[in-house]
Amino acid sequence: MTVTIGRRELLAALGGAVAVWPFGARAQQPAMPVIGFLDPRSSDDALTPVFLRAFRQGLKETGYVEGENVAVQYRWAENQNDRLPALVADLIRRGVTVIATPASTPAALAAKAATTTIPIVFTTAGDPVRLGLVGSLSRPGGNVTGVTTLGVELVPKRLELLHELVPTATTMALLINPTSPALAEPTTTYMQAAASARGLKIHVLHASTKLDFDTVFATLIQLRADGLAIGPDALFTSRAEELAPLALRHRVPAIYQYPQFTAASGLMSYSDSLADAYRQAGVYVGRILKGERPADLPVQQSTKVELIINLKTARALGITVPLPLLARADEVIE
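Small disclaimer: the values here were computed from a predicted structure and weren't measured.

Caption draft 1: Summary view of the environment of Asp39. When you line up the elements, Asp39 lands in strand β1 (residues 34–39). With a relative accessible area of 1%, Asp39 lands in the buried category. Here the alpha-carbon distance between Asp39 and Val144, two residues 105 residues apart in the chain, equals 17 Å. Among all residues touching Asp39, those that are not within four sequence positions of it are Arg75, Trp76, Ala77, Pro102 and Tyr278.

Caption draft 2: Structural context of the sheet that holds strand β4 (residues 120–124). Taken in spatial order, the 6 strands line up as β2-β1-β3-β4-β5-β11 in an open sheet, and their pairing is parallel. Every interior strand has two partners, whereas the edge strands, β2 (71–76) and β11 (300–301), have only one. With 6 bridges joining them, β1 and β2 adopt parallel strand pairing. Across the sheet, the residue bridging to Ile35 is Val72, located in β2.

Caption draft 3: Spatial organisation of the packing of helix α7 (residues 213–223) against helix α9 (residues 240–249). Put simply, α7 and α9 touch, their axes get as near as 11 Å, and they point 30 degrees apart. In terms of axis orientation, α7 runs roughly parallel to α9. Relative to α9, the crossing made by α7 is right-handed. Mapping the contact onto sequence places Phe213, Asp214 and Phe217 in α7 and Glu242, Leu243, Leu246 and Ala247 in α9. Residue composition of the contact of α7 with α9, grouped by class: 5 nonpolar, no polar and 2 charged.

Caption draft 4: Region of interest: the pairing of strand β10 (residues 268–271). In β10, alternate side chains face the same way, and those of Met268 and Tyr270 on one face and Ser269 and Ser271 on the other are all buried. Pairing of strand β9 (residues 254–256) with β10, which is carried by 2 bridges, proceeds in the parallel orientation. Each bridged residue has a counterpart across the sheet, and for Ile255 the counterpart in β10 is Met268. Sheet analysis places β10 next to strand β12 (residues 306–310), joined by 4 bridges and oriented antiparallel. Bridge pairing in β12 places Ser271 opposite Glu306.

Caption draft 5: The packing of aromatic side chains, seen in detail. This structure, assessed with the given rule, holds 8 aromatic pairs. Taken together, a centroid distance of 5.8 Å and an interplanar angle of 50 degrees make the contact between Phe37 and Trp76 tilted. Taken together, the residues Phe37 in strand β1 and Trp76 in strand β2 connect sequence positions 39 residues apart. Here Phe37 matches Trp76 in class, with each residue buried. Relative to Tyr258, the ring of Tyr256 lies with its centre 6.1 Å away and its plane at 85 degrees, an arrangement referred to as edge-to-face. The residues Tyr256 and Tyr258 share a single accessibility class, namely buried. Linked through ring pairs, Phe37, Phe55, Tyr74 and Trp76 together constitute an aromatic cluster.

The rules we used
- Residues numbered from 1 in each chain as written.
- Predicted model: local features only at pLDDT ≥ 70, side-chain atom pairs only at ≥ 80, totals over all residues.
- Heavy atoms only, no water.
- Helix = DSSP H or I, 4+ residues; strand = E, 2+ residues; numbered from the N terminus.
- Buried < 20%, exposed > 50% of the residue type's maximum accessible area, 1.4 Å probe, protein only.
- Contact = heavy atoms within 4.5 Å.
- Pairing = 2+ DSSP bridges.
- Axes fitted to C-alpha atoms, helices over the stretch in contact; angles between N-to-C directions.
- Parallel < 35°, antiparallel > 145°, perpendicular 65-115°, else oblique.
- Left-handed = near helix turned anticlockwise from the far one by under 90°.
- Nonpolar A, V, L, I, M, F, W, Y, C, P; charged D, E, K, R; others polar.
- Phe/Tyr/Trp six-rings, centres within 6.5 Å; stacked < 30°, edge-to-face > 60°.

Structural data, given as structure tokens:
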């Protein structure tokens, strides 16, 4: 039997199909993945825009653009490490696809303690194997991988450079954050061994917030320390532009990791690039979003280091920089 459909009925049927189809198509599309970004610092730190730009660049290299095909949930601990467990728990409750903990060993440890299923990408200045983050660098295993910087390993070299600049020094000081024992303890061990090998006395000073900085420098003056090495820590990185002027004001020769310290009138910096570590972390997050497993992604290691000397600060401190040291510098700030 032949069924005849009138023009009006045909248009109504087609119109209904058109009206229904987009909703059905949208329902079948996968939800946008969400990155949980956990950082112990404050969102308004001077270096935050630099590091976020590098992280987003890494995502872009793998085809992800925030707001277009990936979302990011940011959590900032405001330099209070004890807030990290609650912040990571909140990210897990919100069902994030992957957790990124760039440049923060405490954040990485908090994330690992909270989940064994959600992928985690860290950046740390510590040894991730010794810290228990991964089984090995080449075969991380589990749900964690990331990037290591050379923060702790370069502590002896920073003392060597500082002593070369102030060869008459007999007493040095080390600044650490006691609320980050995963970095503070190995940093102290490395520094004490390096100081002993050079016949130097070392004083270990503590700062867990920026409010401690004035006390630290007052103590340095009382101890008559000849120089200060600032240990690797997110608090000190975020406050490099405050620590550098304080060291100059109190006439204390000081060395830290990153170029931001020397750019802000710090005497010397010696490190690899933290911004590039953020970029590499972004790349790994993107690769995981594409389906790769953290267990199959070897931990990346920074290898290039740069020495920067602020010659203007050296003159202000009455220090003559030896020519061999100047020749080895990758950058000299006049």
